[in-house]
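# Inside the fold
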Amino acid sequence: KEKGYWKGISFHSNSALNELDRVYVGFAGGNPLPDMGNIRTSVAITGTSYSGSSVKIRNSSFNESAGYGIYVAGKSTLDLFHANYFNNNALSALYVPADQLHKLDFFTHYTGNNGFDGIETGGTVNADNEVTWSYFSDGSNYLVTSDIIIESGVHIAEGATFEFARDVVVKVVGDGY
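## Observations regarding the overall build of the protein
- What the protein contains, in helices and strands, is zero helices and 16 strands.
- Whereas a compact globule of 177 residues would reach a radius of gyration of roughly 16 Å, the protein reaches 15 Å, a difference of no more than 12%.
- Along the first, second and third principal axes, the C-alpha atoms of the protein reach 50 × 30 × 30 Å.
- Within the protein, counting contacts between residues at least 6 apart in sequence, those at least 24 apart form 62% of the total.
- Accessible surface for the protein amounts to roughly 8500 Å². Of this, 49% is attributable to carbon and sulfur atoms.
- When the 11 positive and 19 negative side-chain charges of the protein are each reduced to one mean point, those points stand 9 Å apart.

Have a look at this one:
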């Protein structure tokens, strides 16, 4: 515990048993994570550009983090993501690589006085099938903080809103659309 915050939860495996269901995570993210670029987050799903962890998260709340509510890194995957809540986190409610955006559900609430009331993203999308990026029932937006490279099919649902950091773009290349 540092400055009133706990370190948080960190997943370092791709076990099918990794799951948060009806869990409350609060007052975490107090220590920067050196193996993840010194980010602060309540829940870290660790990964690199060539490997990652996996987890199912549903019916859970992530509140009062000194950083992100949840941070998904590298090639990590959200095996299930449904009906979660994010409130009063210092940074974005959630950071998810662009190749995992299609796993986010319409019913999760990202708006709740977070540093950014929405989903922060960036990275490459190269899926086997077309994926859909949703809009959200609470009106949350996407915040693109690093380039998105689309190498396969992406459908953006009507009503989805994107904000971009300075000098950040979406590039559609090769067979992407």
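## Examining the pattern of salt bridges
- If you walk through the whole model with that rule in mind, you get three salt bridges.
- Here Glu19 and Arg58 are joined by a salt bridge, their closest N and O atoms 2.3 Å apart. With Glu19 in strand β2 (residues 19-21) and Arg58 in strand β5 (residues 54-58), the pair connects residues that are 39 residues apart, well separated along the chain.
- Asp21 serves as the salt-bridge partner of Arg22, at 3.0 Å between the closest nitrogen and oxygen.
- Given the relative accessible area of 29%, Asp21 is considered partly exposed.
- One salt-bridge network, held together by shared partners, links Glu19, Asp21, Arg22 and Arg58.

## Comments concerning the pairing of strand β11 (residues 116-125)
- With seven of ten residues buried, β11 lies mostly within the body of the structure.
- Pairing geometry for strand β10 (residues 92-95) and β11, over three bridges, is parallel. Opposite Tyr95, over in β11, you have Glu120 as the bridge partner.
- Direction of pairing for β11 relative to strand β13 (residues 141-150): parallel, over a ladder of seven bridges. Across the sheet, the residue bridging to Val125 is Ile150, located in β13.

## Quick look at the nonpolar core
- Counting residues in each nonpolar core, the largest one holds 32 residues, and the members touching the most others are Ile70, Leu104 and Trp133.
- Listing elements by their share of this core, those giving two or more residues are β4 (41-45), β5, β7 (68-72), β8 (77-82), β10, β11, β12 (131-133) and β13.
- The biggest single contributor to this core is β13, with four residues.
- Counting eight residues, the second-largest nonpolar core is a separate cluster that includes Leu33, Ile39, Ala44 and Ala73.

## Focus on a nonpolar patch on the surface
- Among the surface-exposed residues, Phe164, Val170 and Val172 lie close enough to one another that they form a single nonpolar patch of about 250 Å² accessible area.
- Here Val170 shows up in strand β16 (residues 170-172).

About the criteria used
Residues numbered from 1 in each chain as written. Predicted model: local features only at pLDDT ≥ 70, side-chain atom pairs only at ≥ 80, totals over all residues. Heavy atoms only, no water. Helix = DSSP H or I, 4+ residues; strand = E, 2+ residues; numbered from the N terminus. Rg over C-alpha atoms; globule rule 2.2 N^0.38 Å. Contact = heavy atoms within 4.5 Å. Areas by Shrake-Rupley, 256 points an atom, 1.4 Å probe, with all protein chains shown as cover. Lys, Arg positive; Asp, Glu negative; His and termini not counted. Charge placed at Lys NZ, Arg CZ, Asp CG, Glu CD. Salt bridge = Lys/Arg side-chain N within 4 Å of Asp/Glu carboxyl O. Buried < 20%, exposed > 50% of the residue type's maximum accessible area, 1.4 Å probe, protein only. Pairing = 2+ DSSP bridges. Core = buried A, V, L, I, M, F, W, Y, C linked by side-chain atoms within 4.5 Å. Patch = residues over 30% accessible without salt bridge, like charges linked within 9 Å, V, L, I, M, F, W, Y side chains within 5 Å.

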